[in-house]
Amino acid sequence: MVNDKEVPTYFPTLELQKIVSEAIEKSKVAGKFHISVHVIGGGIHSQAEALRHGLSRALVKFDEETRGRLKKLGFLKRDP
């Protein structure tokens, strides 16, 4: 859920949906969590990337072994 809406409703394009789901898919934890987030500010593309970054950071706290994989993909890099 993103801002109390389903992901496909909030992020209408497949590209944005893919960005949001990449961290979970690459960590191989799909289906293990129910995730609800609140995003504000920026454009919708920036929100999708910020969501991916936040999910990546949370997944590393859950399982430190995912850090290398997510870091290599650039998901833990902060965009100033």
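That block above? That's the structure.
Residues numbered from 1 in each chain as written. Predicted model: local features only at pLDDT ≥ 70, side-chain atom pairs only at ≥ 80, totals over all residues. Heavy atoms only, no water.

Take the nonpolar core next. A general tendency of soluble globular proteins is for nonpolar side chains to be buried together. Counting 18 residues, the largest nonpolar core has Val2, Phe11, Ala48, Leu51, Leu59 and Leu70 as its most contacted members. Counting only elements with at least two residues in this core, the list comes to helix H2 (14-27) and helix H3 (44-62). (Core = buried A, V, L, I, M, F, W, Y, C linked by side-chain atoms within 4.5 Å. Buried < 20%, exposed > 50% of the residue type's maximum accessible area, 1.4 Å probe, protein only. Helix = DSSP H or I, 4+ residues; strand = E, 2+ residues; numbered from the N terminus.)

Another aspect to go through is H2. If you check H2, its first and last C-alpha atoms are 20 Å apart, about what 14 residues at 1.5 Å a residue would give, namely 20 Å. Along its length, H2 shows its largest kink, about 45 degrees, at Ser21. Within H2, the full set of buried residues consists of Leu16, Gln17, Ile19, Val20, Glu22, Ala23, Ile24 and Ser27. Contacts from the buried residues of H2 go to helix H1 (7-10), H3 and helix H4 (67-72). Lys28 occupies a position one or two residues after H2 and carries a positive phi of about 60 degrees. (Expected span 1.5 Å × (residues − 1). Bend = angle between axes of the 7 residues up to and from the residue. Contact = heavy atoms within 4.5 Å.)

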